[in-house]
Amino acid sequence: MSEALCFDMYGTLCDVSSVADAIERELDVPAGVAAAVDELWRSKQLEYAFHRGATGRYEPFDAVTRDALDYALDYHGLDEDAAPALMDAYDELDPYPDALDALATLAETHEMVVFSNGTPAMLDALAGHTGVDAHVDGLVSASDAGALKPAPAVYDHVAAELDRPLADCRLVSSNAWDVAGASAAGMTTAWVNRANEPAERLDGGADVEVESLAALAATL
C-alpha cells in the first residue's frame, strides 16, 4: 500500500495572499496598502498560533486568525468593522494554479487528506470553494487534537485519523516550519519550496523538496 499524503491547506494548496484583493475592495485602499495588511495578517496569524502553543493557551485557528486580522487593521489605522467580511474572504482563497491537477494525478495512487490548522468549518468552506474536496479522501483539522501545528499531538492525530503508522504518512507543505515539525514527530515530508528559500535552521529537513505541486506529482 502506498503512503498517505497529508496536504497543508494554507500556503500549500491555497494562496493566502489572494485575500489581498478582498482587503483592497472592502477597505477601499490602494493595492500596496492591501498587500501590507495581508502580509502582517499572515505574520501575526503564525506568531499567535506559535505563542499559544508555547504557552499552552490553545485557541482554534479561526479565533487566532481573527485576532491577527484585528491587529493588522489596528496597526494600519483601518476600519475594524470590515473584519467579518475579510474573515469570510479567507474561506474563498484561490488555489494555486497547479493544485487541482496535481491532486487529481496523485489521487490515482495515494490516499490523500487535507491536514491543516484550520477548523473543520474553515476547511469545509475552503475545500468546497476551491474544488479541493473532490480530490481528497477527507479533511483533518488540528482542532480535533486540541492543538495547532507544529505540536507533536497534531501530527499524531492525522495518523490516527488515517489509521496508519505515522511513518506511513507524508506531510506535504510549503511551510518549512511545518515540515520540520512533522519530521520531528516521525512523518516523512515533502517541502513545496516555491520561492527557492534556504533550509530553515531547525531539526528535521524535508525528505523530498520540489518547486511546485506539479513537480511533486511528477516526483511521487
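The coordinates are above.
*Asks:* Mind showing me how you'd approach the packing of helix 1 (residues 20–27) against helix 2 (residues 31–55) here?
*Replies:* In a packed pair of helices, the relevant descriptors are the angle between the two axes and the axis-to-axis distance. Packing of helix 1 against helix 2 leaves a shortest axis separation of 8 Å and a crossing angle of 120°. In terms of their interaxial angle, helix 1 and helix 2 are classed as oblique. Note that helix 1 runs across helix 2; the crossing there is right-handed. Contacts between helix 1 and helix 2 involve Ala20, Ile23 and Glu24 from the former and Ala31, Ala34, Val37, Asp38 and Trp41 from the latter.

*Asks:* What am I meant to see in the layout of surface pockets here?
*Replies:* Gaps left between atoms are located by rolling a probe of water-molecule size over the structure's atoms. The computed volume of the largest pocket comes to approximately 400 Å³. In terms of lining, the largest pocket is formed by 20 residues, of which the most central are Gly11, Tyr96, Ser174, Asn175 and Glu197. A per-element tally of the lining of the largest pocket places helix 2 first, with 4 residues. Ser18, Val19, Asp21, Ala22, Arg25, Glu26, Ala85, Asp88, Ala89, Glu92, Leu93 and Asp94 together form the lining of the second largest pocket. Mapped by element, the contributors of at least two residues to the lining of the second largest pocket are helix 1 and helix 4 (83–89). Per-element accounting of the lining of the second largest pocket gives the leading share, 4 residues, to helix 1. Grouping the constituent residues of the lining of the second largest pocket by class yields 5 nonpolar, 1 polar and 6 charged.

*Asks:* Can you walk me through the sheet that holds strand 8 (residues 208–210) in this structure?
*Replies:* Backbone hydrogen bonds are what pair the strands of a sheet, in a parallel or an antiparallel way. In spatial order, the strands read 5-4-1-6-7-8; together these 6 strands make up an open sheet with parallel pairing. Of all strands in the sheet, those with a lone pairing partner are strand 5 (139–141) and strand 8, marking the two edges. Averaged over all neighbouring strand pairs, the angle between strand axes comes to 25°, with direction disregarded. Judged from the 3 bridges that link them, strand 4 (residues 111–116) and strand 5 form a sheet pairing that is parallel. Across the sheet, Val114 pairs through a bridge with Leu139, a residue of strand 5. Taken strand by strand, helix 6 (residues 120–130) contacts strand 4 and strand 5, and its axis lies near 150° from that of strand 5.

*Asks:* Would you explain a negative patch on the surface in this entry?
*Replies:* Judged by side-chain charge, Asp21, Glu24, Asp28 and Asp94 come together as a negatively charged surface patch. Positionally, Asp94 belongs in strand 3 (residues 94–95).

*Asks:* I tried to follow the nonpolar core on my own but got confused; where do I start?
*Replies:* General note: in soluble globular proteins, nonpolar side chains tend to be found buried as a group. Phe7, Met9, Tyr10, Leu13, Trp41, Met187 and Leu213 are the most contacted members of the largest nonpolar core, which has 74 residues in total. Examining the composition of this core, we find that 6 residues originate from one element, helix 3 (residues 61–75), more than from any other. Every residue in contact with Leu213, bar those within four places of it in the chain, is listed here: Phe7, Thr12, Leu13, Asp98, Ala99, Ala102, Val172, Val192 and Arg194.

Rules used throughout
Residues numbered from 1 in each chain as written. Predicted model: local features only at pLDDT ≥ 70, side-chain atom pairs only at ≥ 80, totals over all residues. Heavy atoms only, no water. Axes fitted to C-alpha atoms, helices over the stretch in contact; angles between N-to-C directions. Helix = DSSP H or I, 4+ residues; strand = E, 2+ residues; numbered from the N terminus. Parallel < 35°, antiparallel > 145°, perpendicular 65-115°, else oblique. Left-handed = near helix turned anticlockwise from the far one by under 90°. Contact = heavy atoms within 4.5 Å. 1 Å grid on protein atoms, 1.4 Å probe; cavity = no way out; pocket = protein on both sides within 12 Å on 5 of 7 lines; lining within 4 Å. Points joined across faces, edges and corners; volume = space filled by probe spheres on them. Nonpolar A, V, L, I, M, F, W, Y, C, P; charged D, E, K, R; others polar. Pairing = 2+ DSSP bridges. Patch = residues over 30% accessible without salt bridge, like charges linked within 9 Å, V, L, I, M, F, W, Y side chains within 5 Å. Areas by Shrake-Rupley, 256 points an atom, 1.4 Å probe, with all protein chains shown as cover. Salt bridge = Lys/Arg side-chain N within 4 Å of Asp/Glu carboxyl O. Lys, Arg positive; Asp, Glu negative; His and termini not counted. Charge placed at Lys NZ, Arg CZ, Asp CG, Glu CD. Core = buried A, V, L, I, M, F, W, Y, C linked by side-chain atoms within 4.5 Å. Buried < 20%, exposed > 50% of the residue type's maximum accessible area, 1.4 Å probe, protein only.

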